[in-house]
Amino acid sequence: MMKSLLIILMTSVLVNNYVLSRFLGICPFLGVSKKLNQAVGMGTAVIFVMLLSTAVTWPIHTFILAKYDLEYMKTIVFILVIASLVQLVEIILKKYIPALHAALGIYLPLITTNCAVLGVTLNNINDSYNFIESMVNSFGVGLGFLLAMVLFAGVRSRLENANPPEAFKGLPITLVSASIVALSFTGFTGVVGGLFA
Amino acid sequence: MNPILLAVIVVCSIGLLCAVVLVVASKFFGVEEDEKAGKIRECLPGANCGACGYAGCDGYAKALAEEDGIKTNLCIPGADAVAKQISEILGVEFEDVVEKIAVIHCYGDCNHTSKKMEYVGIQSCQAAKMLYGGDGKCGFGCIGLGDCVSVCPQNAICISDGIARIDTRKCVGCGLCEKKCPQKIITVMDDVERVLVTCNNTEKGAVVRQKCSNGCIGCKKCEKNCPVGAITVVDNLARIDYDKCINCEECAKNCPVGCILISDFSGLHRYVAADSETANV
């Protein structure tokens, strides 16, 4: 049991890294990775929201949608639920933990429509994980997102000082370097199987 | 049941549930937002110059809305009109904005001084100053590469004849140039007519004379002629105490090098005897 959970965790962090292998959540990855502290803020907020939305969408799917054979509606329902959930969390945080609300700041509403969050909840269902496995997977995916953000923030801080050709300046060179970082993550393929063999 | 109808009902009821939860939450957990900050932000000019002492217009608006007792007349670019609007929003009494203007304490243009070398490095005063104190003969004066021009949010500064000049109509007195100038020759003062020592050189008179025909030689003639004792010469440079100055222009009349100029709303003028026409330098 413990072993299978660890395998799920490591797989979602390293092998199936959502940003670098599945290309989900690219907008915040490119948009908020300019500075390390922003990247960490965004990454933490994503972990938080992923865990929350999995905790809510998994029961909704299992106890409502599956019961009425409405699994094909899960994308729409999940978007609806996640969006309202994030809004709700924002309202509550603002009231009771203003410090955390200020720290998460703009990132929380930004995540409302983040495809990585929707992706992880849908994939939990597609991979037919149970509730605990789903939570572990969400945590792993969030951690992988944070890892990718932090790594890429480092790469970008070096890009600031680099002097690429005029045509590559700005977004093009960022995309090229993102693809190289993604390439390096393919090296993790098969690692997890060996780790827990 | 019809599967389409079922899907519609289930999705709609989930949506309705979410909506109800959100409405209830916003009622019970809602935090009253201060709308004042947004309103004040709209009146501010948005130049983000920092003359108010806060980090940009947003910072000033936030501080005004949240803390009591902050003056509403700190926005110098916005002047009276903005101060009035802010006072209205906050419901406090309106105070006049003391309008400020930047003045340059150097008149060493290419008619008065010359260069000691041909500078071809990075075109910024800061960089040029690091190389033997700039390319001009005088190491105290305007370098004229326009660091002040680049920071001016109002495009009020231009470089002409090798020195920076301020367009008094455009200058709003935000003081960004004052902070930027590596020679420290720009100061922001109240926008009134005044006499101005247009030199910053503290070297001995004879040395100054060789470098710039407009330089203050520290002869103390102005000090002696000032009826109210507002001028003192410290380190070979005349300095005017504007609290005492009565703007009689005696110093400008008697300055042998003519480095004390009259600064009014139309620019800088040399002193000209009353019977002849005032000539713009």
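Just above sits the structure.
Calculation rules
- Along each chain, numbering runs from 1 in the same order as the chain's sequence is written.
- The lettering of chains begins at A and the numbering of ligands begins at 1, in the order of writing.
- Thresholds applied to this predicted model are a pLDDT of at least 70 for local features of residues and 80 or more for the giving and counting of side-chain atom pairs; totals over whole chains, interfaces and linings are not thresholded and use all residues.
- As a rule here, side-chain values come from all non-hydrogen atoms in the structure, and water together with hydrogens is ignored.
- Every helix listed is a DSSP run of H or I at least four residues long, and every strand listed is a run of E at least two residues long, numbered separately from the N terminus.
- Residue exposure (1.4 Å probe, protein chains only): buried if accessible area is under 20% of the type maximum, exposed if over 50%, otherwise partly exposed.
- Method for areas: the Shrake-Rupley scheme with a 1.4 Å probe, in which residue coverage is limited to the protein chains shown.
- Side-chain atoms within 4.5 Å link the members of a nonpolar core, which is a set of buried Ala, Val, Leu, Ile, Met, Phe, Trp, Tyr and Cys residues.
- Contacts are assigned to residue pairs with any non-hydrogen atoms lying within 4.5 Å of each other.
- Note on terms: buried area is the combined drop in 1.4 Å-probe accessible area of two parts once they are placed together, counting the loss on both.
- Any Lys or Arg side-chain nitrogen located within 4 Å of an Asp or Glu carboxyl oxygen qualifies as a salt bridge.
- We call two N or O atoms a polar contact when they sit within 3.5 Å, provided that within protein one can donate a hydrogen and the other can accept it, with sequence-adjacent residues counted only if both atoms are side-chain atoms.
- Residues are sorted three ways: Asp, Glu, Lys and Arg are charged, Ala, Val, Leu, Ile, Met, Phe, Trp, Tyr, Cys and Pro are nonpolar, and all the rest, Gly among them, are polar.
- The residues that make up patches have over 30% relative accessible area and no salt bridge, and they are joined within 9 Å when like-charged or within 5 Å when they are Val, Leu, Ile, Met, Phe, Trp or Tyr.
- Positive charges are assigned to Lys and Arg, negative charges to Asp and Glu, while His and the chain termini are left out of the count.
- A single reference atom marks each charge: NZ on Lys, CZ on Arg, CG on Asp, CD on Glu.
- The pairing criterion is simple: DSSP has to find at least two bridges between the two strands.
- In this analysis, axes come from line fits to C-alpha atoms, helices being fitted only over the stretch in contact, and the angle between any two N-to-C directions falls in the range 0 to 180 degrees.
- Here is the rule: rings of Phe, Tyr and Trp (six-membered ring for Trp) pair when centre to centre is within 6.5 Å. Planes less than 30 degrees apart are stacked, more than 60 are edge-to-face, and the remainder are tilted.
- Criterion for a charge above a ring: Lys NZ or Arg CZ within 6 Å of the ring centre, and within 35 degrees of the ring normal.
- Our angle categories are set so that under 35 degrees counts as roughly parallel, over 145 as roughly antiparallel, 65 to 115 as roughly perpendicular, and the remainder as oblique.
- Each crossing gets its hand from how the near helix is turned against the far one by less than a right angle, where anticlockwise is left-handed and clockwise is right-handed.

Novice: Any details on the overall build of chain B? Residues and values, ideally.
Specialist: The helix and strand inventory of chain B stands at 10 helices and 9 strands. Across the 281 residues that make up chain B, the buried fraction comes to 42%. Accessible area of chain B: about 15,300 Å², with a carbon and sulfur share of 54%.

Novice: Explain the nonpolar core to me, using residue names and the numbers behind them.
Specialist: Residue and element names in this part refer to chain A. Counting 52 residues, the largest nonpolar core has Leu-20, Phe-29, Met-42 and Val-77 as the members making the most contacts within it. Of the residues forming this core, the biggest block, 9 residues, is contributed by helix α3 (residues 36-65). In contact with Leu-20, not counting residues within four places along its chain, are Phe-29, Ala-148, Ala-178, Val-181, Ala-182 and Phe-185.

Novice: Tell me about the environment of Ile-82 of chain A, and please be specific about residues and values.
Specialist: All names here are of chain A. Take Ile-82: it is sitting in helix α4 (residues 74-96). Ile-82 gets classed as buried once you look at its relative accessible area, which sits at 2%. Between the alpha carbons of Ile-82 and Ile-111 there is a distance of 9.4 Å; along the sequence they are 29 residues apart.

Novice: Now, about the interface of chain B and chain A: what can you tell me, with residues and values included?
Specialist: Contacts between chain B and chain A engage 17 residues on the former and 19 residues on the latter. The contact between chain B and chain A buries some 1,400 Å² in all, and 85% of this surface belongs to carbon and sulfur atoms. Where chain B packs against chain A, one counts 0 salt bridges. On the surface where chain B and chain A come into contact, there are 0 residue pairs in polar contact (both at pLDDT 80 or more). Residues that form the side of chain B that touches chain A fall into these classes: 13 nonpolar, 3 polar and 1 charged.

Novice: Before we move on, could you go through a negative patch on the surface and cite the residues and values that matter?
Specialist: Residue and element names in this part refer to chain B. A cluster of acidic residues, Glu-93, Glu-95, Asp-96 and Glu-99, forms a negative patch on the protein surface. Here Glu-93 shows up in the loop between α4 (79-90) and β1 (100-104). Its relative accessible area of 71% is what places Glu-93 among the exposed residues.

Novice: Help me get a handle on the sheet that holds strand β8 (residues 260-264) of chain B, residues and values and all.
Specialist: Residues and elements named next belong to chain B. Across the sheet, 3 strands lie side by side as β5-β8-β9; this open sheet has antiparallel pairing. The sheet is open, and its two edges are formed by β5 (194-197) and β9 (267-269), each paired on a single side. Put simply, the sheet's adjacent strands are angled 40° from each other on average, direction ignored. Here β8 runs beside β9; their pairing, made up of 3 bridges, is antiparallel. Opposite Ile-262, over in β9, you have His-269 as the bridge partner.

Novice: Explain the packing of aromatic side chains residue by residue, including any values.
Specialist: Summed over the entire model, instances satisfying the criterion amount to 4 aromatic pairs over all chains. Look at Phe-29 of chain A and Phe-152 of chain A: their rings are 4.7 Å apart centre to centre, the planes differ by 25°, and that puts the pair in the stacked class. Residue Phe-29 of chain A is located in helix α2 (residues 26-31), and its partner Phe-152 of chain A is located in helix α8 (residues 131-161); the two are separated by 123 residues in the primary sequence. On the basis of relative accessible area, Phe-152 of chain A is assigned to the buried category, the value being 0%. Above the plane of the ring of Tyr-242 of chain B lies Arg-194 of chain B, whose end atom (NZ or CZ) is 4.3 Å from the centre.

Novice: Can you tell me about the packing of helix α2 (residues 35-43) of chain B against helix α3 (residues 56-66) of chain B, naming the residues and giving the values?
Specialist: Residue and element names in this part refer to chain B. Where α2 meets α3, the axes come as close as 8 Å, and the angle between the chain directions of the two elements is 135°. By the criterion of interaxial angle, the relationship of α2 to α3 is oblique. In terms of crossing hand, the pair formed by α2 and α3 is right-handed. Facing α2, whose interface residues are Lys-36, Ala-37, Ile-40 and Arg-41, α3 presents Cys-57, Asp-58, Ala-61, Lys-62, Leu-64 and Ala-65.

Novice: So what's going on with the pattern of salt bridges? Which residues, and what values?
Specialist: Residues and elements named next belong to chain B. Summed over all chains, the structure comprises 8 salt bridges over all chains. The partner of Lys-100 in a salt bridge is Asp-190, and the shortest N-O contact between them spans 3.1 Å. Separated by 90 residues along the polypeptide, Lys-100 in strand β1 and Asp-190 in strand β4 (residues 186-190) bring together distant segments of the chain. Between Lys-211 and Glu-203 there is a salt bridge; the shortest N-O distance is 2.9 Å. The exposure class assigned to Glu-203 is partly exposed, which follows from its relative accessible area of 23%. Several salt bridges share partner residues, and in doing so they unite Asp-109, Asp-161 and Arg-165 into one network.

Novice: Explain unusual backbone geometry residue by residue, including any values.
Specialist: Residue Phe-23 of chain A is not a glycine yet carries a positive backbone phi of 55°. On the secondary structure map, Phe-23 of chain A appears in the loop between α1 (2-15) and α2. For Phe-23 of chain A, a relative accessible area of 54% puts it in the exposed group. Residues other than glycine seldom take positive phi values, yet Lys-220 of chain B does so here, at roughly 70°. Within the secondary structure, Lys-220 of chain B is located in the loop between α8 (205-211) and α9 (221-225). Under the relative-accessibility criterion, Lys-220 of chain B is labelled partly exposed at 37%.

Novice: Explain the packing of α3 of chain A against α8 of chain A residue by residue, including any values.
Specialist: All names here are of chain A. The geometry of α3 relative to α8 is characterised by a closest axis approach of 8 Å and an angle of 165° between their N-to-C directions. The angle between α3 and α8 falls in the class roughly antiparallel. Where α3 crosses over α8, the handedness of that crossing is right-handed. The residue makeup of the contact of α3 with α8, split by class, is 21 nonpolar, 6 polar and no charged.

Novice: If you had to explain the environment of Asn-201 of chain B to someone new, which residues and values would you point to?
Specialist: All names here are of chain B. Looking at where Asn-201 falls in the secondary structure, it is placed in the loop between β5 and α8. Exposure remark for Asn-201: the relative accessible area of 1% places this residue in the buried category. Sequence-wise, Asn-201 and Cys-216 are 15 residues apart; in three dimensions their C-alpha atoms are separated by 6.8 Å. Non-local contacts of Asn-201, meaning those with residues more than four positions away in its chain, are made with Cys-138, Phe-140, Val-208, Cys-216, Asn-236 and Leu-237. At 2.7 Å, the side chain of Asn-201 and the backbone nitrogen of Glu-203 are in polar contact.

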